[in-house]
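Examining the three-dimensional arrangement
Residues per chain are reported as follows:
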Number of protein chains: 2
Amino acid sequence: MTDPARRRGPAELVVELDRAAALPLPAQLAAALRESIDAGRLRPGEGVPASRALASRLGVARGVIVAAYEQLIAEGYLRAEHGRGTLVNPDLGTAAVPASGHADRAGSGAVRVPGAVGAPGSAGAAGRVGLTGTTGTLAPMLDGDDPAPRPPLAPGTPLTDATERPAWRAAWRAAVARADRRPPALGDPALRREIAEHLRLVRGTARPADDVIVTAGAREGLGLLLTALGTTRGHGLVVGVEDPGYPSLRGVAARHGARIVSLPVDAEGLRTDGLPEGLLDLVIVTPSHQYPVGGSLPLPRRRELLDWASRTGVVVVEDDYDSELRHVGGPLPALAALDDPRAGSVVTLGTFSSTVTPALAAGFLLAPRNLRSLLEPVRHDLGSPVSAVVQIALADYLATGELRRNIARVRRRHAARRDLISERFAGSRDVRVRPMSGGLHAVLEFAGEGARRREARVVEAAARETTAFPVGLGIAELGAYWQHRSPDRASGVVLGMGGPDDDEFAAAIERLRRILLAV
Amino acid sequence: MTDPARRRGPAELVVELDRAAALPLPAQLAAALRESIDAGRLRPGEGVPASRALASRLGVARGVIVAAYEQLIAEGYLRAEHGRGTLVNPDLGTAAVPASGHADRAGSGAVRVPGAVGAPGSAGAAGRVGLTGTTGTLAPMLDGDDPAPRPPLAPGTPLTDATERPAWRAAWRAAVARADRRPPALGDPALRREIAEHLRLVRGTARPADDVIVTAGAREGLGLLLTALGTTRGHGLVVGVEDPGYPSLRGVAARHGARIVSLPVDAEGLRTDGLPEGLLDLVIVTPSHQYPVGGSLPLPRRRELLDWASRTGVVVVEDDYDSELRHVGGPLPALAALDDPRAGSVVTLGTFSSTVTPALAAGFLLAPRNLRSLLEPVRHDLGSPVSAVVQIALADYLATGELRRNIARVRRRHAARRDLISERFAGSRDVRVRPMSGGLHAVLEFAGEGARRREARVVEAAARETTAFPVGLGIAELGAYWQHRSPDRASGVVLGMGGPDDDEFAAAIERLRRILLAV
């Protein structure tokens, strides 16, 4: 046998799985492995047990082991190397990783990732400074401004039928009868508890309800944070954003008077090897699932980002827009799970738009204690914008466990649509479906010489496809997500996988396939 | 007969009342009189017909005429002079008043009120510049942060049972079933139409639904306006507030980084004879019912304020917090009704907290076209914070006409409580009940030498009154509403007239009466 894990002694891996616990078995195993790596019991470069052997030893299905390993590979804890099996990511270096969710960052300044800060490329990010422009030409945030039919492939349309279920209606009935006073500034206490528990189960954070503030969505949460930062740092904040990136939060920062600085992104997400020093007040990142290119920020980069933020006093906004809908492995733990709950840098913004309904206009932010003390007095003076009826209904709904069941349904339906996309575009000329580990949208990349021009022509042809769909297909140019039209950027189109009707979705995909044959 | 109106020829007053119209007869008559005055058919100093004579001529009850005259006296159009009857306010001068709601301000720069701008006192306001402090010690905005019992006389608690009625529950049932997409950035179109119509009927504005933006309440609306102004005027806005005044919106301005400038108030409201030039970006006023002293801004001051705002480019925020609950006469027309709908200065902030329920966390702003064009793109980028479920439910509820019925009920209950207060405190030593034309609170003023000290001692004794009321009575010091402790300010206490239970209210008033006997 050439199993490297065996060679190096998997006996030191002590795992106890509890079938009665709320946390699924793969998540329990992943947590145990994370802890072993964090504590140094498993060292960088060292192999982990083969999945079949470990499954047999623990008495669980092999799929449990595979799912946990996939999760840890996605997070950057593990790496699958051809011919060597699965091993602890050698890039983790020799320093201890702060324990997920319980980390005390004292002394973490000593943690260094080789070849990171100050590496070639440092000048690049700081040099790419520019003010944001309008966001109007980009993937539309579909709101009801236009009550007309929605284009079937527009990015940003969620796929959820939560609101058609009895649990949803029952929660509202109770809330309408019960809500009789102004919503608490920081949020309904029961809702804050439910959100903290939800985040613990699906996002790997271990944080108290006090760290949760109920918001009217990610944009409103960012607005609160910017207002609060403005009171201490003065106005004219400088905000770093991923380029390419989703225009929504960038637009909020610009409207709050912030100067926007573009930060470069590669296939794994934000490049952390050249983050500027002394320039930014705040940086907005999508570590779970970079928008639109889809990378998941590896653990070494997460650590480097947090280290940089802690050193420079930058607030890191984690835009956690669709991590719960990941369909390969479980959702990645939030960046906040690595942060110091007392003196940390990460504010996680979440929303229930894609998991329940965008009609709700409700979300949350999760902030460590030091940042909470900045946010709380501001929120008290501004008041909560989220109706007490909405908050009580949502708290009741979460308490039923129905949200997690709905997320599981949505994941299954997304996976089916992802498979349909992979299958339908497999043979298209010069088209590559970007690997999709989750999310609400797909990216088709174009290869070949005319790729850049093809992008615009395909989007226009899709907009003219109005026989079956009154307002066209609604796809967006991939290039539109770049603030700076870099010559080496990818070309292609972004299409949403939302919308309630499977048949309509399939028909729209077929139309797009035909367009790609012709254009 | 010495009726001056007869002498001067009431025949020129042409009034047609329509019993089938939605607008009540007194409001129709008031509108006709306003129009006659605006058009110069009735001139300043000229008498109007005696109520009995006009009632007989028009074939209506005399109460209709009296109500219309009271309304116009409150607005400053008419004046009741001892021995001369009722006449058109001589202070209106000779210039034409812009027609309510349809005014085109072209040429209005020529409108002058004698002895106004530049009169003694100009220096006073600009000299009283100070940053706002904390708002924590003032009348608590009761939100559910503390789920414990509410003090029965705390200012800010509404008196409404709208949510216990079937129309309310039916509206929500329909909304929960129907809402399926993100709320439109500017608000649900049906809700905007209903609000515009409601404002037309009860606030005297004649403005299209396009001028309405749905907000999460007055504070959220002000936040939007400040954010939008910041994008064009840069940060470090300077905001004028009434002193004394309600701390809520002042706190929002401070949190948005504004410098707060105090403006003096007298018994009629904001003093407009010394408004500073070239200092302010925005001024927040309560023209319908000054908080807490209760004056209603007379028409000459309203015109002077608008004139000044138009000349200096200042945005006037009309905090229309309780005008609908006025119990003497109809509610005053909004300041916005005098403003230019195309190039005006007034943004009216309203809320449904006191007329429906504070649990709703929904309100609106009304802005003229020029200011809308500033607000709309910002709102599109920030998104609506108000759940589509809330908006659709509220639109349906307004469409039933139930809100106006509820307002009528609340007014009757408020009037009864006001009468109880007047009666119970009539004999108290050195206590004067300030005249109350409406509103959610009452002011007891203290006279005599120890008034200033008595204020604090009464509030403290009321807070200790915990035998029948677990958290005390919850009244506030009148002095707490002044930012600058001017030596000639009034002393007394502010008490809320809200809370659902009439018996509890009466018991709390009795306790307070006993305290005032002893302290």
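Quick note: structure is the one above.
Small disclaimer: the values here were computed from a predicted structure and weren't measured. (Residues numbered from 1 in each chain as written. Chains lettered and ligands numbered in written order. Predicted model: local features only at pLDDT ≥ 70, side-chain atom pairs only at ≥ 80, totals over all residues. Heavy atoms only, no water.)

1. Focus on the sheet that holds strand β8 (residues 315-319) of chain B
Residues and elements named next belong to chain B. Our working rule: For two strands to be treated as a pair, DSSP must find no fewer than two bridges joining them. Strands are runs of DSSP state E lasting at least two residues, helices are runs of H or I lasting at least four, and both sets are numbered from the N terminus onward. Any pair of residues with heavy atoms lying within 4.5 Å of one another is described as a contacting pair. Structural elements are reduced to axes, namely lines fitted to C-alpha atoms, with helices fitted over the stretch in contact, and the angle between N-to-C directions of any two is expressed from 0 to 180 degrees.
Strands sit in the order β3-β10-β9-β8-β7-β4-β5-β6 across an open sheet of eight strands; the sheet is mixed. A single partner strand is all that each edge strand has here, and the edge strands are β3 (212-215) and β6 (269-270). Bridge analysis of strand β5 (residues 259-266) against β6 gives two bridges, and the strand direction is antiparallel. Along β6, the bridge assignment pairs Val 265 with Leu 270. Helix-sheet contacts for helix α8 (residues 218-233) involve β3, β4 (238-243), β7 (282-285), β8, β9 (346-351) and β10 (363-366), and the interaxial angle to β9 is about 150°. In the packing of helix α11 (residues 369-382) onto the sheet, contacts are made with β3, β8, β9 and β10, and the angle to β3 comes to roughly 40°.

2. Some points on the relation of the copies chain A and chain B
As a reminder, the rule being used: Copies overlap after least-squares fitting; the atoms used are the C-alpha atoms of residues with pLDDT of at least 70 in both.
The operation relating chain A to chain B is a screw motion whose rotation component is 180°, with 0.0 Å of axial translation and a residual RMSD of 0.1 Å. Such a turn and shift between the copies fits a two-fold axis. Comparing contact sets, 98% of the residues at the interface of chain A also lie at the interface in chain B, consistent with an isologous, same-surface contact.

3. Digging into the sheet that holds strand β14 (residues 492-496) of chain B
Residue and element names in this part refer to chain B. If you trace the four strands from one edge of the open sheet to the other, you get β11-β12-β14-β13, paired in antiparallel fashion. Where the open sheet ends on each side, the last strands, each with one partner, are β11 (431-433) and β13 (476-477). In the sheet, strand β12 (residues 441-446) pairs with β14 via five bridges, with the strands oriented antiparallel. Across the sheet, residue Val 443 finds its bridge partner in β14, namely Val 494.

4. Some details on the pairing of strand β2 (residues 85-88) of chain A
Residue and element names in this part refer to chain A. Note: strand β1 (residues 78-81) against β2, four bridges, orientation antiparallel. Each bridged residue has a counterpart across the sheet, and for Ala 80 the counterpart in β2 is Thr 86. Here β1 folds back onto β2, and the loop between the two strands holds three residues, one of which, Gly 83, carries a positive phi near 85°.

5. Points about the pattern of salt bridges
Rule in force here: Within this document, salt bridges are pairs made up of a side-chain nitrogen of Lys or Arg and a carboxyl oxygen of Asp or Glu, the two lying within 4 Å of each other. Three exposure classes are used, based on accessible area relative to the maximum for each residue type with a 1.4 Å probe and protein chains only: buried under 20%, partly exposed in between, and exposed over 50%.
Inspection of the entire model under this criterion finds 59 salt bridges over all chains. The shortest N-O distance in the salt bridge between A:Arg417 and A:Asp502 comes to 2.6 Å. You can see A:Arg417 sitting in helix α13 (residues 402-424) and its partner A:Asp502 sitting in helix α15 (residues 502-518), a full 85 residues away along the chain. According to the relative accessible area criterion, A:Asp502 is partly exposed, its value standing at 41%. Of the charged contacts, one joins B:Glu445 and B:Arg432 as a salt bridge, the two residues approaching to 3.0 Å between their closest N and O atoms. Of this pair, B:Glu445 sits in strand β12 while B:Arg432 sits in strand β11; the two residues are 13 residues apart in sequence, bridging distant segments of the chain. Salt bridges sharing common partners tie together A:Asp161, A:Arg165, A:Glu402, A:Arg405 and A:Arg409.

6. Digging into the packing of aromatic side chains
Note the cut-off: When the centres of two rings from Phe, Tyr and Trp lie within 6.5 Å, Trp using its six-membered ring, the rings pair. Their planes under 30 degrees apart give stacked, over 60 give edge-to-face, and anything left gives tilted. As a reminder, the over-ring test applies to NZ of lysine and CZ of arginine, requiring each to be within 6 Å of the ring centre and within 35 degrees of the ring normal.
The full count for this structure, using the stated rule, is 13 aromatic pairs over all chains. For the ring pair A:Tyr291 and A:Tyr321, a centre distance of 5.5 Å and an interplane angle of 70° mean the geometry is edge-to-face. Of this pair, A:Tyr291 sits in the loop between β7 (282-285) and α10 (299-312) while A:Tyr321 is found in the loop between β8 (315-319) and β9 (346-351), placing the two residues 30 residues apart along the sequence. Of the two residues, A:Tyr291 and A:Tyr321, neither departs from the other in class, the shared state being buried. A:Arg454 extends its terminal NZ or CZ atom over the ring of A:Phe446, reaching a point 4.8 Å from the ring centre. Sitting over the ring of B:Trp482, B:Arg489 keeps its end group 5.8 Å from the ring centre.

7. Considerations on a positive patch on the surface
Definition in use: Note that patches include only residues with greater than 30% relative accessible area and no salt bridge, and the join distances are 9 Å for like charges and 5 Å for nonpolar side chains (Val, Leu, Ile, Met, Phe, Trp, Tyr). Methods summary: accessible areas were calculated by the Shrake-Rupley approach with a probe of 1.4 Å, and residue burial reflects only the protein chains presented. Two residue types count as positive, namely Lys and Arg, and two as negative, namely Asp and Glu; His and chain ends fall outside the count. Lysine's charge is taken at NZ, arginine's at CZ, aspartate's at CG and glutamate's at CD.
Together, A:Arg169, A:Arg173, B:Arg169 and B:Arg173 make up a positively charged patch on the protein surface. Counting residues per element, the ones that place at least two in the positive patch are α6 (166-178) of chain A together with α6 (166-178) of chain B. Relative to the helices and strands, B:Arg169 is located in helix α6. The class for B:Arg169 is partly exposed, based on a relative accessible area of 36%.

8. Some thoughts on the interface of chain A and chain B
As a reminder, the rule being used: Two N or O atoms form a polar contact when they lie within 3.5 Å of each other; inside protein one atom must be a possible hydrogen donor and the other a possible acceptor, and for residues adjacent in sequence the pair counts only when both atoms belong to side chains. Think of it as three bins: nonpolar holds Ala, Val, Leu, Ile, Met, Phe, Trp, Tyr, Cys and Pro, charged holds Asp, Glu, Lys and Arg, and polar takes everything else, Gly as well.
On the chain B side, the residues contacting the 53 residues of chain A number 52 residues. Linking chain A with chain B are four salt bridges. For A:Arg150, the salt bridge identified is with B:Asp180, shortest N-O distance 3.4 Å. Summed over the shared surface of chain A and chain B, the result is 14 residue pairs in polar contact (both at pLDDT 80 or more). Listing elements by their share of the side of chain A that touches chain B, those giving two or more residues are α6, α8 (218-233), α9 (247-255), α11 (369-382) and α12 (388-399) of chain A. The greatest single-element share of the side of chain A that touches chain B, amounting to five residues, is contributed by α11(A). A breakdown of the residues in the side of chain A that touches chain B according to their chemical character gives 26 nonpolar, 15 polar and twelve charged.

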